[in-house]
Amino acid sequence: MKILADEHVDFPIIYLRRDNGFEVLSIAEDDFGIIDENILVKAVRINAILLTADKDFGELLYKFGLPHRGVVFFRLEGLKPAEKAVLILDLFSEQGENLIAAFTVLTGHKTRIIRGE
């Protein structure tokens, strides 16, 4: 499963995912500063799930109907990057294929996977 990490995803999250066999591309490493719409375009082009902490992607999907291959939006305020990394790794390990073409919200207390129409 290929993942595209938005530019504000902490590097410990990216590194732990890579260390566990996931192919993770990083906007911060490759395309820092590109606009959100182009991040979604890139994710679709490379067939990757977008990993982000930016709530604007929900609006792009639901208000403007932009295409996607799946978006994982995490809200893990107050946790250290290493703690976030473990929760996100667990999500991808447990849910895997369920994340494809879905909008997923991960908080410290629950996970919501919203399937498109």
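All values reported here derive from a predicted model rather than from experimental measurement.

So, on to helix 1 (residues 11-19). Side chains of residues three or four places apart in an α-helix project in the same direction, reflecting 3.6 residues per turn. Here helix 1 has its buried residues at Ile 13, Ile 14 and Arg 17. Projected onto a plane normal to the axis of helix 1, the buried residues spread over an arc of 100 degrees and lie on a single side. Looking at the packing, one finds that the buried side of helix 1 touches strand 1 (2-5), strand 2 (23-26), strand 3 (49-52), strand 4 (71-75) and helix 5 (81-95). At the C-terminal side of helix 1, Gly 21 shows a positive phi close to 90 degrees.

Before going further, it helps to spend a moment on the sheet that holds strand 4. The six strands lie next to each other as 2-1-3-4-5-6, forming an open sheet whose pairing is mixed. Strand pairing shows two members of the sheet lacking a second neighbour, strand 2 and strand 6 (111-115), which therefore form its edges. Neighbour-to-neighbour, the strand axes of this sheet turn through a mean angle of 20 degrees, independent of strand direction. Here three bridges tie strand 3 to strand 4, and the two strands are oriented parallel to one another.

In globular proteins that are soluble, nonpolar side chains generally tend to be buried together. Core analysis: the largest hydrophobic core is formed by 19 residues, its most contacted members being Val 9, Ile 13, Leu 51, Val 72, Phe 74, Ile 88 and Phe 92. Counting only elements with at least two residues in this core, the list comes to strand 1, helix 1, strand 3, strand 4 and helix 5. The element contributing the most residues to this core is helix 5, with five residues. Here Phe 92 is in contact with Met 1, Ile 3, Arg 17, Phe 22, Ile 49, Leu 51, Val 72 and Leu 99, once residues within four sequence places are set aside. Counting residues in each nonpolar core, the second largest holds 15 residues, with Leu 40, Leu 50, Val 71 and Phe 103 among its members.

About the criteria used
Residues numbered from 1 in each chain as written. Predicted model: local features only at pLDDT ≥ 70, side-chain atom pairs only at ≥ 80, totals over all residues. Heavy atoms only, no water. Buried < 20%, exposed > 50% of the residue type's maximum accessible area, 1.4 Å probe, protein only. Helix = DSSP H or I, 4+ residues; strand = E, 2+ residues; numbered from the N terminus. Arc of directions from axis to C-beta. Contact = heavy atoms within 4.5 Å. Pairing = 2+ DSSP bridges. Axes fitted to C-alpha atoms, helices over the stretch in contact; angles between N-to-C directions. Core = buried A, V, L, I, M, F, W, Y, C linked by side-chain atoms within 4.5 Å.

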